[in-house]
Amino acid sequence: MADRTFPTPKTGPALTRKDFVSDQMVRWCPGCGDFAILAQVQKTLPKLGIPKEKIVFISGIGCSSRFPYYVDTYGFHSIHGRAPAIATGLKCARPDLQVWVVTGDGDGLSIGGNHLIHAIRRNIDINILLFNNRIYGLTKGQYSPTSERGKVTKSSPVGSLDRPIYPLRTALASEATFVARSVDADVQHLAETLERAATHKGTSFVEIYQNCIVFNNGAFEDIENRATRDDFVVKLEHGKPLIFGKDRDHGIRMKGGLTPEVVTFKPEEPPKDLLVHNEKAGAEFAYMLTQLEPPEFPTPVGVFRSVEEATYNDLLDAQIESAKKPGADDLSKLLAGPETWEVAA
Amino acid sequence: MPAKTKAERDPHLAISPKNRKPDASEVEAVTIRFAGDSGDGVQLTGGQFTTATALSGNDLSTLPDYPAEIRAPVGTLPGVSGFQIQFSSRDVLTPGDRPDVLVAFNPAALKANLKDLAKGGTIILNTDAFTLQNFKKASIETNPLEDESLAAYKVVEVPMTTLTGNALEGLGLSPTQVSRCKNFFALGIMYWVYGRSLEATIAWIKKKFNKVPTMVEANTRALHAGHAFAETTEIFQNSYRVKKAPIAPGKYRNITGNEAAALGLVAAQQLSSHQLFYSTYPITPASDILHNLARLKAFGVKTFQAEDEIAAVGAAIGASFGGLLAVTGTSGPGLALKSEAIGLAVMTELPLLVINVQRGGPSTGLPTKTEQSDLLQALYGRNGESPVAIVAPATPGECFLAVIQACRLAMKYRHPVLFLSDGYLGNGSEPWKVPGIETLPKFEISHEPGVPPEDFQPYARDPKTLARPWVLPGTAGYEHRIGGLEKQDITGNVSYDPDNHEHMVHLRAEKIERMKADIPEITVLGEPKGKVLVAGWGSTYGAITTAVKQLQSEGKSVSAIHLRYLNPFPSNLEAILKNFDKVLVPEMNLGQLQMILRGRFLVDAIGLHKVKGQPFKITEIKEKIESLLENKES
Ligand SMILES: Cc1ncc(C[n+]2csc(CCOP(=O)(O)OP(=O)(O)O)c2C)c(N)n1
Ligand code: SF4
Ligand SMILES: [Mg+2]
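Our subject in this report is the structure included herewith. The structure displayed is predicted, hence computed values, not measured ones.

Looking at the pairing of strand S3 (residues 98-104) of chain A
All names here are of chain A.
Argument step 1. When you tally the buried positions in S3, you get 7 out of 7 residues, the bulk of the element.
Argument step 2. Burial along S3 is two-sided: the face carrying Gln98, Trp100, Val102 and Gly104 and the face carrying Val99, Val101 and Thr103 are both buried.
Argument step 3. Of the pairings in the sheet, the one linking strand S1 (residues 55-59) to S3 comprises 5 bridges and is parallel in character. Directly across from valine 56, in S3, lies its bridge partner valine 99.
Argument step 4. Sheet topology places S3 next to strand S4 (residues 126-132); 6 bridges connect them, and they run parallel. Within S4, the position partnered with threonine 103 by the bridge is leucine 130.

Rendered as C-alpha cells:
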C-alpha cells in the first residue's frame, strides 16, 4: 500500500511576505486587530524555510476564522469550533505538513472548547493561534466566554453573569507544552512569538489579544497603546528577571515564596530576589504567571512555557512503523481469519 | 449425583438403560439458543458451537443478544445474555424464528427466553442454579421445575455445576473456577446431541489458555465430560444429524458484519492505494469495527479515538483533505452529532465514508438492540439541501464488498457516503466465502491537477462524475482554500450569488444521481410482474427472502427486491415497483423507506413495521404477505 510521499522541493528563490498574500479581498472592518496579525503571520512564514505548499491554515467560524482565505497556502475554513479536530486528522494523516489553526475566543473556547483541550493534551504538532477579542465579532457583539463578568452587550443588557475562562490556564490545565501570549499591536513581539510557536514541536498555543474595533473597542487599551504599554506589560524572557515599566524600575518577586508582588527600585540596582522566568519549569509556574493580571499586576506576554514532549503524530507513526514486519501485512491471511474450512466441490 | 429426568418422574417415558440408543435421526434445520448470565460464557459457547457447526458443513446464521449493562447483577433478568444459531442442510438466511432448543444456565435465562421457544421444544437447564436465592433474583415465585409452567416442553435437567465439579476433581480448583468451566460441559452435551467433533474446540482451548495449563486441562475435561454424559445417560434418548448444506465449494470462515466491514476497509485501502484513516468515538454496536482495525497497524491502518463524534468526523475530514481514505464509524446518536460536519464534507466535496451501525432509538434508546430507524436521519438529517449517498448491506458477509463499494463511490465522486448497517448485521454472523484479493475491483483515484498551476480551478468538474479535483496539500503551485461557505462553481471562491447557489444545490444533487452509473440494477427474486412485491433494505433480507421463497414454492404470486443502494436508487427501481399490484415494505421502523417510495414514485406502498429491537421473524412477514394476497387488507 503506497503512502503518498511529497518530496520537499529543492529550495528555489527565497520566499517573501508577498508569496503568502492571496488574491482574495480582505473583509475585516477597517481598524480590526486581525489585519496586524495577518501581516505578522505573512512576514513570519517566509522565515521558516518551509515551502508554502507544505503549509496549511485551518480555521473554524468567526471574523478571525476568515484568516485562511487571505494566506496563499493550502487552507480550510471549516465549521464553528471544529478546526482543532480537523487539524488533528490532517496532521495525523500528513505529518509532512505544517498545520496552523486559527480560532477565536468563541470558536476555540465556547463551542470548540472540547476539541481545543484534547488537541493540546495529545500534543499534536500543530500551531494554534487564538484571537482573543473577548467578544463574538461575527455575530455582531454578544459577550464571549472570555468577556469579563458584568459585560454589557446586546445579549447581556444588564451585564453578563458568566465568569470568564482564561485561555492560557485552559491550555496549561490541558498539559500544553508551548503556551504564549502576544498582542496584535506589538508587531515585533508578535512576530517573535509566532516564530517561536512555529518552531516548537508539539502543540503550540498562542493567545493573541486582538482589538475588535466595532464591538469591543479598547478592551486591551493599556496594553496596546504605545504610550502606556511598557507600564502595563511585562515581557517574559527565559532566564531573565521580570522587570517592567517605561523606566524599567518595576519588577515582580515572590512574597514568602508563594505570592507575587510588585516592587519598585532604581533601574541600575534591581533587587537580587526578582522572579526569574523559566520556560522549562513545571506547569504550575506558568500557571502562576497567568494569574498576574491588571490592575494589580502588569499583563505578562511572551512564552510562558516551552517544553519538549513526544507528539501524538510521531507516536502514532512509531507504532505503525514498529508493527511492520515481513509478512505481517498479508491481506489474504487477514481475510481468512483465525479459522477456515474447505467446502469440497 | 445422577440427573433426575422427566423420564424418571414419569415411568412411561423411561427407556430401558440396557437398550442401546437409537441411531441419530435426521433433521433439516435446528435453532438453538444459549442463555445465561453475562459471566456464564454464553457468547463464547455460542461461538464455539458455531465453529463446530460450520466445520460439519451446515449452513448457518447466528445472532448474539447482549444485555445493555456490562455486569448487571448476577442471576437477574437484565443480566441475561443470549446467543442464537440456526443451522441447516439448506440455505440459511436468518438465525431462526423460534429456538427448538434452549440451553439455560440459570432461572433468569429460562424466564427471559421461554416465550420464544417453539412449542414442544427442548429445554436443557442447569439445575444447580435453580435455587431459592436465584428464583428471588429473577423474581420467580414458584420453582418452574415443580409447577406446570414447563409442561409444554421437553425438559432436560442437568446438574451442570456438580457434574463439572466431579469431572475436575483433583485439579485443585476453587468453586468459582469450576463454575466457569460448566459452559464447556454444556457444549460437550450439545456436541454429542448434534454429532459435532470436539477437535476444533480442544485446539481453541489449548491456544486460548496456553499460559495456564490447569485451565486447558479443566476446560478440556469439562467438554469431554459433558459429551460422555450425554452419550451414556438415558436423558438424551436421541441425537440428531443435519446433513451438509449444498454450499458453493471454496474456503470459508465465519464472519460478523462488523468484522466484514473492518476487513472491507483494509481491502479498500489496498485497492485504492490510499492509506486508511479510521476515526471514531466508542459506541455500541459500532465499536468492534474500531477494535478490529486498531490491531492492524502492520497494514499501515491509522485509527484515531477522538474525544467525541464531532471530533471523529472532523479528523476524518482533515485526513480526507490530506488525501487519505477517511472513514468515521458510529451508531445513531453519534450520527446525530456528526451531521453538521457531514454537511461540511458535502460542501467541500471531499470523500468521506460514514458508517452507522444502527441501534434502537431515539436518544440512547436500546444500545444493544437492532433497528433500522436512521434511514431518514441518514438521508435528510442535515441543514440545507445536503444529499449523501447511502449504501446498505443485507447480510453480515455482504458488509465486506458493500464497504469497498462505498469507499469507491466516496473517492470517485468526492462526496460523503453513508453506510447503513445495524446491530443485527454488525453482531450477527454467517459463513463467508473468503474472497481472493485478485477478484476484487481495484479503483484508480487520481490527485493530479491535470492542468498547469495558472489554469487550476479547485471546483472544476469531471464531465462524467461532476467530481472536482482532489489536489492535496503538498502539491506545489496549486495552493487553494476550501470551506463551508457556498462556493462558486469552477473557481471555488466564496460566493453569495443567488443563481450560483441554486446551481450548486442542483449540482450536488446531480452528483448523487450520476452515481447510478456505478451501481448495479436490482434483480427481482421471482416473477417480474405479479400481485405482491416485497421491497426491503438492510438486515431484513434473510427473513424477507425466506418468507417469499416459501410462499413462491406454494405457488403464490409474490416477488421480492432488496435495495442495497438507497441514494441514489438503482435506475430500474421505478419500473419494477409499477409491475405489481401491491408493494409491501417490511422495516424495523415506522415506515421510512415506505414513505420515500411513496413520495418518490407515487406507489401505494404498504408498510409492515416492527420496532422491538429484534429482527423480523419469517412467519411475521409471511402472514402479512398472505393477508395481502387474500385481499384481507389493502
Ligand atoms: C454551529 C454554529 N453555531 C453558531 C454559529 C454562529 N457563530 C458564528 S461565529 C460565532 C462566534 C464567533 O466568535 P469568536 O470565535 O470569538 O470569533 P470572532 O468573530 O470574535 O473573531 C458564532 C456564535 C455558527 N456559525 N455555527
Ligand atoms: S467585527 Fe470586530 S473582530 Fe470582526 S472584523 Fe470587525 S472589528 Fe474585526
Ligand atoms: Mg471573538
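Moving on from the coordinates now.
Observations regarding the interface of chain A and chain B
Argument step 1. If you look at the interface, chain A gives 63 residues, while chain B gives 74 residues.
Argument step 2. Taken together, both faces of the contact between chain A and chain B bury some 5800 Å²; the carbon and sulfur share is 65%.
Argument step 3. Linking chain A to chain B there are 3 salt bridges.
Argument step 4. Here aspartate 72 of chain A ties to arginine 481 of chain B by a salt bridge, and the two come within 2.8 Å at their closest N and O atoms.
Argument step 5. Linking chain A with chain B are 24 residue pairs in polar contact (both at pLDDT 80 or more).

Observations concerning unusual backbone geometry
Argument step 1. A cis amide bond, omega 5°, links proline 294 of chain A with the succeeding residue proline 295 of chain A.
Argument step 2. Structurally, proline 295 of chain A can be placed in the loop between helix H9 (283-290) and strand S11 (299-306).
Argument step 3. Note the cis peptide between glycine 361 of chain B and proline 362 of chain B, where omega equals 5°.
Argument step 4. With respect to the helices, strands and loops of the structure, proline 362 of chain B is situated in the loop between strand S13 (352-358) and helix H14 (375-380).
Argument step 5. The phi angle at lysine 140 of chain A is positive, at roughly 75°, despite the residue not being glycine.
Argument step 6. Tracing the sequence through the fold places lysine 140 of chain A in the loop between S4 and helix H5 (167-173).

A word on the coordination of the magnesium ion (ligand 3)
A four-donor tetrahedral metal ideally has 109.5 degree angles, and a six-donor octahedral metal ideally has angles of 90 or 180 degrees.
Residues and elements named next belong to chain A.
Argument step 1. Looking at the magnesium ion (ligand 3), the protein donor atoms are Asp105 (OD), Asn133 (OD1) and Ile135 (O), and they sit 2.1 to 2.2 Å from it.
Argument step 2. Read N to C, the donor residues that coordinate the magnesium ion (ligand 3) are spaced as D-x27-N-x1-I. With aspartate 105 in helix H3 (residues 105-111) and isoleucine 135 in the loop between S4 and H5, the pair connects residues that are 30 residues apart, well separated along the chain.
Argument step 3. The class of isoleucine 135 is buried, set by a relative accessible area of 2%.

Overview of the side chain of threonine 31 of chain B
Residue and element names in this part refer to chain B.
Argument step 1. Positionally, threonine 31 belongs in strand S2 (residues 29-37).
Argument step 2. Accessibility expressed as a relative area gives 4% for threonine 31, which makes it buried.
Argument step 3. Excluding its chain neighbours within four sequence positions, the residues that come into contact with threonine 31 are Gln84, Ile85, Gln86, Pro95, Gly96, Arg98, Pro99, Asp100 and Val101.

What to know about the site of ligand 1
Residues and elements named next belong to chain A.
Argument step 1. Neighbouring ligand 1 are 17 residues, the closest being Cys63, Ser64, Asp105, Gly106 and Asp107.
Argument step 2. For ligand 1, an oxygen atom lies 2.9 Å from a polar atom in the backbone of glycine 137.
Argument step 3. In isolation ligand 1 offers 590 Å² of accessible surface; the protein chains occlude 76% of this area.
Argument step 4. The biggest single contributor to the shell around ligand 1 is H3, with 4 residues.

Quick look at the nonpolar core
Residue and element names in this part refer to chain B.
Argument step 1. One finds Leu265, Leu293, Leu353, Ile355 and Leu597 to be the most contacted residues of the largest nonpolar core, which totals 155 residues.
Argument step 2. The element that contributes the greatest number of residues to this core is helix H15 (residues 399-413), accounting for 11 residues.
Argument step 3. In this structure, this core is formed jointly by two domains, domain 2 (253-439) and domain 3 (530-629), each of which donates at least three residues.
Argument step 4. With residues near it in sequence (within four places) discarded, leucine 293 still touches Ala262, Leu265, Val266, Leu276, Tyr278, Val301 and Thr303.
Argument step 5. One finds Ala54, Ile124, Leu173 and Tyr191 within the second-largest nonpolar core, a separate group that totals 55 residues.

What counts as what
- Sequence order as written defines the numbering, with residues in each chain counted from 1.
- Each chain takes a letter, starting from A, and each ligand takes a number, starting from 1, following the order in which they are written.
- Predicted model: local features are reported for residues with pLDDT of at least 70 only, side-chain atom pairs are reported and counted for 80 or more only, and whole-chain, interface and lining totals are derived from all residues.
- The basis for every side-chain value is the complete set of heavy atoms in the structure, and neither hydrogens nor water enter the calculation.
- Accessibility here uses a 1.4 Å probe with only protein chains present; expressed as a share of the type maximum, an area under 20% marks a residue as buried, one over 50% as exposed, and anything in between as partly exposed.
- Only DSSP runs of H or I covering at least 4 residues are called helices, and only runs of E covering at least 2 are called strands; the numbering of each starts at the N terminus.
- Two strands form a pair only when DSSP identifies at least two bridges running between them.
- It only takes one pair of heavy atoms within 4.5 Å for two residues to be counted as in contact.
- Buried surface area refers to the total accessible area, computed with a probe of radius 1.4 Å, that the two partners give up upon joining, counted for both partners together.
- Each reported salt bridge corresponds to a side-chain nitrogen of Lys or Arg within 4 Å of a carboxyl oxygen of Asp or Glu.
- Here a polar contact is taken to be a pair of N or O atoms separated by no more than 3.5 Å, where protein atoms must pair a possible hydrogen donor with a possible acceptor and residues adjacent in sequence count only if both atoms sit in side chains.
- Counted as coordinating are nitrogen, oxygen and sulfur atoms within 2.8 Å of the metal, or 3.2 Å for Na, K and Ca, while water is not included, which may make sites look incomplete.
- Throughout this document, a residue counts as near a molecule or strand when at least one of its heavy atoms sits within 4 Å of that molecule or strand.
- Only the protein chains shown count as cover for residues, and all accessible areas are computed by the Shrake-Rupley method using a 1.4 Å probe.
- Buried Ala, Val, Leu, Ile, Met, Phe, Trp, Tyr and Cys residues that are joined via side-chain atoms within 4.5 Å together make up what is termed a nonpolar core.
- Domain delimitation follows an automatic or database domain assignment.

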